[in-house]
Amino acid sequence: SELKTEMEGIKKKLSDLGVPKDNTTNFNEFINGSVREISDRQARSCNVMIFGAKESTTSEGRPRNDSDLALAIDFILKTHANINLEGIKTLRVGRKNPSKPRPIKVTLNPKTDVLSIIRHAKDLKHHDTYKDIALRFDRTPAQISEYNELKTTLQARLHNGETNLKIKYFDGFPKIVKVSNASN
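Let us look at the structure shown here. (Residues numbered from 1 in each chain as written. Predicted model: local features only at pLDDT ≥ 70, side-chain atom pairs only at ≥ 80, totals over all residues. Heavy atoms only, no water.)

What about the overall build of the protein?
Counting secondary structure elements, the protein contains five helices and six strands. Moving toward the C terminus, one meets the helices and strands of the protein in the order α-α-β-α-β-β-α-β-α-β-β. Across the 184 residues of the protein, 26% fall into the buried class. A separation of at least 24 residues holds for 53% of the contacts in the protein among residues at least 6 apart in sequence. (Helix = DSSP H or I, 4+ residues; strand = E, 2+ residues; numbered from the N terminus. Buried < 20%, exposed > 50% of the residue type's maximum accessible area, 1.4 Å probe, protein only. Contact = heavy atoms within 4.5 Å.)

Some thoughts on the pairing of strand 3 (residues 104-107)
Burial along strand 3 is one-sided: Ile104 and Val106 are buried, while Lys105 and Thr107, pointing the other way, are not. Pairing analysis gives four bridges linking strand 1 (residues 47-51) to strand 3, with the strands arranged antiparallel. Within the sheet, the bridge partner assigned to asparagine 47 lies in strand 3 and is threonine 107. Both strand 2 (residues 89-92) and strand 3 contribute to a ladder of four bridges, which runs antiparallel. Looking at strand 3, one finds that threonine 90 is bridged to valine 106. (Pairing = 2+ DSSP bridges.)

Focus: unusual backbone geometry
If you check the backbone angles, asparagine 164 has positive phi at about 60 degrees while not being a glycine. Structurally, the position occupied by asparagine 164 is in the loop between helix 5 (141-159) and strand 5 (165-170).

Observations regarding the sheet that holds strand 2
An order of 2-3-1-4 is seen for the four strands of this open sheet, with the pairing classed as antiparallel. Either end of the sheet is taken by a strand with one partner, and the two such strands are strand 2 and strand 4 (134-137). With strand direction ignored, the average angle separating the axes of adjacent strands in the sheet is 25 degrees. Inspection of the sheet shows strand 1 paired to strand 4 by four bridges, in the antiparallel sense. Looking at the pairing, methionine 49 lines up with arginine 136 of strand 4. Where helix 4 (residues 112-121) meets the sheet, its contacts fall on strand 1 and strand 4, and the angle it forms with strand 4 comes to roughly 145 degrees. (Axes fitted to C-alpha atoms, helices over the stretch in contact; angles between N-to-C directions.)

Some words on the pattern of salt bridges
Taken as a whole and assessed by the stated rule, the structure comprises six salt bridges. The salt bridge involving aspartate 68 is made with arginine 92; its shortest N-O contact spans 3.0 Å. Residue aspartate 68 is found in helix 3 (residues 61-79), and its partner arginine 92 is found in strand 2; the two are separated by 24 residues along the sequence. On the accessibility criterion, aspartate 68 (3% relative accessible area) is buried. On the accessibility criterion, arginine 92 (10% relative accessible area) is buried. Three or more residues are tied together by salt bridges with common partners; here these are Asp40, Arg44 and Asp138. (Salt bridge = Lys/Arg side-chain N within 4 Å of Asp/Glu carboxyl O.)

That's the geometry; what it means functionally is another story.
Structure below.
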């Protein structure tokens, strides 16, 4: 009974959003896509992406992975000392490209560590070893697309003369906001 009431509420909200309820196939595809996206976001919530870290020149897999793991641990220790390093894993993602290093996906245990590391990463920009390295949340393709659309909108608004605008995240969702000159 409680589940049925909740489902009716969800159907009403989806209807309010313009999801056609009379076309069951589209509705089911929408629901399944939404569930997959939520599941993907949850799986990625324990990951940090490291961009710009040079790749090891060794061709052997194990030493190359150990090198990435050592770099990730060193970076994490320098950003925040209270991170649980047990069970940390690293993986280079993407195809090898000699002109550009592949990002490293770092999987941490509690996802609260991810936010802490990202927040403290900017403190290392002055450090010579890490000045070319950037840390980002592991985003789904849908999140990347949404961000890129918002970035295009922001650039258009700035080009049209609006000032003091930037993208900020609220509860994990990006929004364009007006900021004061002091906080730029």
